[in-house]
Every structure is written in C-alpha cells, then in structure tokens.
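Listed here are the chains, written in short residue letters.
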Amino acid sequence: MQYRILSKHMPPVSVLGFGCMRFYRQDGSLDLMDKDKPVDEKLAHRLMDRALDLGVNYYDTAYIYLGGMSESILGRNFQGAKRQKAFLATKLPVWKATEHKDYMVFLDEQLKRLQTDYIDYYLVHSLTGESWQKAMELDILSFLDQIKASGKVRSIGFSFHDLYRSFEPILYAWDWDFCQLQLNYLDTEYQAGLKGMYKAHEKGMGIVSMEPLLGGKLATKLPQKALDTFKLAKSDWSPAEWALRWVWNFPEIAILLSGMNSMEQVEENCQVASSAQASSLSNHEMSVIQQVRAIFDERIQIHCAACAYCMPCPYGVAIPLVFSLMNEAHRFDDPSSLIRYYQSLSPEIKAENCVSCGECLEKCPHQLNIPELMVKVNEYFTLKNK
C-alpha cells in the first residue's frame with residue numbers, strides 16, 4: 001500500500017480509502033439509504049478487516065449513510081487495536097441543522113455511534129452555495145473553531161456538490177485542512193473538477209477523490225467500443241484499474257475513495273493501489289483514456305455546460321439537472337439507474353413541466369433551444385417509463 005499526506009496535521013493516509021456507503025443488505029440488495037433494511041454486517045466487517053490487513057487505514061462514512069446505520073457499523077468494528085490502526089472520517093449533515101447548537105448535537109451523536117472520543121477527519125457534508133449560505137447564517141465557522149480546539153476532531157474539511165462558482169467562496173472562507181471532490185476521467189469539469197482540485201492544492205489543502213468509478217459504472221457499464229479501446233491498449237488492466245490509475249496519477253490527490261462491497265473488489269483495488277504511482281501514466285496511456293472519453297462524449301445528447309445561467313426557471317424545471325440525466329442515460333450501456341432516478345423526481349422539476357415560455361432562450365450562452373430539448377427529454381423518459 002502507498003501513502004500520501006491528506007492533512008499537514010496528521011500522519012499519512014493510504015491512497016485507497018474505504019467508502020462505507022455501499023455495503024450489501026441482508027436481502028442481497030444495495031439500497032444506500034433505507035433505514036429499515038438490515039445490513040449484512042458480518043460481511044461488512046470482513047471486508048473492512050481485510051482492507052485493514054492490506055494497509056487501508058482510511059474509512060469514510062457519514063451521518064446519513066445506509067439510513068444512518070453506517071457510522072454504528074464502523075463503531076462496532078473499530079475497537080481496541082483496530083481503532084489505533086484506522087482513521088475514521090465522517091460528515092456533518094449541515095442541511096439538517098436549524099440552529100447553531102444542532103451542530104454539536106450531531107457531532108456528539110456521531111461520536112457515540114462511532115464509539116470513539118475523537119474523529120480523525122470530519123467534513124461538512126455535501127456543500128452547495130445554498131447550504132453554505134445557510135450554514136454561515138448559523139455561524140458554522142465558530143463551531144469549526146470550537147471543535148478543532150476541543151480535540152473532538154483532528155482534521156476538518158468539506159465535501160462539495162455544486163457548480164464551480166460556489167466552490168471558491170467556500171474554499172477561502174476558513175482554514176480548511178482538506179476537501180472532497182468528485183473526480184474521474186469523465187468528470188474533469190463537473191462541479192469543482194480539476195480546476196477546483198488545483199485551487200485547493202494551491203491553498204495547501206489535501207484532496208479526497210470521490211466517485212472515481214462513478215458508482216461502479218466506469219468498471220462495469222462501459223460501451224463496447226470503450227472496452228475494446230482499453231483492451232487493445234493493455235489487456236491486463238481492467239476498466240476499473242484504468243479509472244483508478246487515472247486518479248492516482250495526480251500527485252495532488254491524497255486519497256481515492258472506493259465503495260467496496262465484495263472481497264474481489266478489496267483485493268483488486270488494494271493490488272492496484274500498491275503499484276499506481278503519481279505521474280506514472282505514459283503519454284500513450286493518457287491518450288488511450290482521452291480516446292475513451294471521446295467515445296463517451298459522442299453519446300452526449302445535449303451539450304449543456306451546466307452553467308445554470310438559464311435558472312431559475314419560472315415554472316420550476318431543473319434545467320441543468322434534467323439535461324445531465326438525459327446525457328448520463330445515454331453515455332452508459334445500462335441507463336436503468338438514471339431512468340429510475342429521473343422518474344423519482346418531483347414532477348414540478350421535470351421536463352414535463354416546461355411550458356415553452358422561452359425565458360431561458362436568451363440566457364443560454366450556448367444558444368441551446370431549451371424548450372425543444374425539453375420535449376426530447378420528456379419523450380425519452382416517458383417512453384422508458386412504459
């Protein structure tokens with residue numbers, strides 16, 4: 001296992017982190033949020049213990065993962081000597097707070113769930129421009145100062161889930177130790193993207209990469225043309241290994257999170273983590289990844305930059321969101337998960353709620369005919385629902 005520095009105040013972390021959101025339930029499902037389905041905890045403990053034996057020392061969870069059960073599962077596993085070998089990372093559900101004192105209530109509950117006196121890495125969870133504004137109104141900065149001084153947490157960061165324009169105000173608002181960003185070879189400009197990674201590194205922060213495999217799709221759902229391109233270039237690397245090596249190629253990335261739920265995934269990911277050096281991909285290997293990215297780009301239906309200049313829609317349609325779901329449903333050979341997600345959305349934000357008022361047309365810098373595209377999106381997802 002290789003190790004890098006995530007926080008200047010802390011020892012090195014394994015370049016592979018264990019994401020604890022995707023454990024199987026006892027009924028064999030992979031439901032991420034249901035609080036009533038029991039988790040196969042024996043399997044979860046075996047997977048975490050094997051990863052620990054192979055050198056993984058960073059275990060990432062959150063208050064809401066697995067319907068609120070994930071933190072307790074880690075707490076029951078990491079006791080005694082194992083607790084001393086592992087760094088536990090969890091996240092503050094900032095959107096749930098209605099007053100300042102709620103922050104400490106959540107933290108104290110998390111410490112009890114994890115059965116520990118301190119949390120190694122604590123993140124303000126899933127920040128957007130809107131949630132950060134609310135947090136600032138509730139004086140979150142004084143809370144961060146307080147918990148860092150108290151010793152209840154050892155290193156503090158945030159995870160980010162919004163457009164880049166919301167990233168820098170958060171980045172420069174406090175003396176963060178690290179941040180967590182979505183990064184993979186397809187999502188180089190998504191949310192904070194590589195630009196955000198470089199900005200955070202410039203500020204002296206460690207960086208955690210989440211979704212390096214896009215929830216497993218970059219391992220198992222690639223178009224055949226992309227699979228053939230990878231195989232011709234290096235037949236002994238799986239699609240997952242290509243994706244993991246791309247992330248680890250950046251020396252700015254301290255740790256990559258993988259939601260491993262089988263022993264095979266633990267073994268493969270740890271094996272790759274032991275050999276994937278920073279700046280080690282050749283020019284040819286990087287060009288292969290660019291070719292695969294181009295194959296995915298060919299499948300994009302709507303060339304929306306997600307700049308959100310078209311928002312807000314006077315009728316409530318979440319224009320960038322529905323366009324991105326349309327594109328994602330076409331990029332991979334198995335669009336079923338995206339279709340199910342779209343169908344679960346509130347009707348008022350779907351394409352069906354567009355009345356073709358045209359207010360968005362003059363706002364789009366790419367001159368997309370948004371009303372016409374909304375008809376296309378609605379027809380596609382309506383047809384798939386039949």
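Scroll up to find the structure.
About the cut-offs
Residues numbered from 1 in each chain as written. Predicted model: local features only at pLDDT ≥ 70, side-chain atom pairs only at ≥ 80, totals over all residues. Heavy atoms only, no water. Axes fitted to C-alpha atoms, helices over the stretch in contact; angles between N-to-C directions. Helix = DSSP H or I, 4+ residues; strand = E, 2+ residues; numbered from the N terminus. Parallel < 35°, antiparallel > 145°, perpendicular 65-115°, else oblique. Left-handed = near helix turned anticlockwise from the far one by under 90°. Contact = heavy atoms within 4.5 Å. Nonpolar A, V, L, I, M, F, W, Y, C, P; charged D, E, K, R; others polar. Buried < 20%, exposed > 50% of the residue type's maximum accessible area, 1.4 Å probe, protein only. Pairing = 2+ DSSP bridges.

### Let's talk about the packing of helix α15 (residues 319–331) against helix α16 (residues 336–344)
Close contact between α15 and α16 brings their axes to 8 Å; oriented N to C, the two are set at 155°. In terms of axis orientation, α15 runs roughly antiparallel to α16. For α15 against α16, the interelement crossing comes out left-handed. Across the interface between the two elements, V322, L325, E328 and A329 from α15 touch L338, Y341 and Y342 from α16. In terms of residue class, the contact of α15 with α16 is made up of 6 nonpolar, no polar and 1 charged.

### What to know about unusual backbone geometry
The omega torsion of the bond from M311 to P312 falls at 0°, within 30 degrees of zero and hence cis. Despite not being glycine, Q115 shows a phi value in the positive range, around 55°. Turning to its location among the elements, Q115 is positioned in the loop between α5 (101–114) and β6 (119–127). One non-glycine residue with positive phi stands out, namely S356, at about 60°. Mapped onto the secondary structure, S356 falls in the loop between α16 and α17 (370–384). Judged by relative accessible area, S356 falls into the partly exposed class, the value being 46%.

### With respect to the sheet that holds strand β3 (residues 16–19)
One closed barrel accounts for 8 strands, arranged β3-β4-β5-β6-β7-β8-β9-β10; its pairing is parallel. Pairwise comparison of adjacent strand axes, ignoring direction, gives a mean angle of 30° for this sheet. Examined bridge by bridge, β3 and strand β4 (residues 58–60) share 2 bridges and lie parallel to one another. Its bridge partner lying in β4, F18 is registered against Y59. Along the sheet, helix α7 (residues 140–150) contacts β5 (87–92), β6 and β7 (153–160); its crossing angle with β7, the most-contacted strand, is approximately 145°.

Everything listed is a geometric property; what it means functionally is a separate question.
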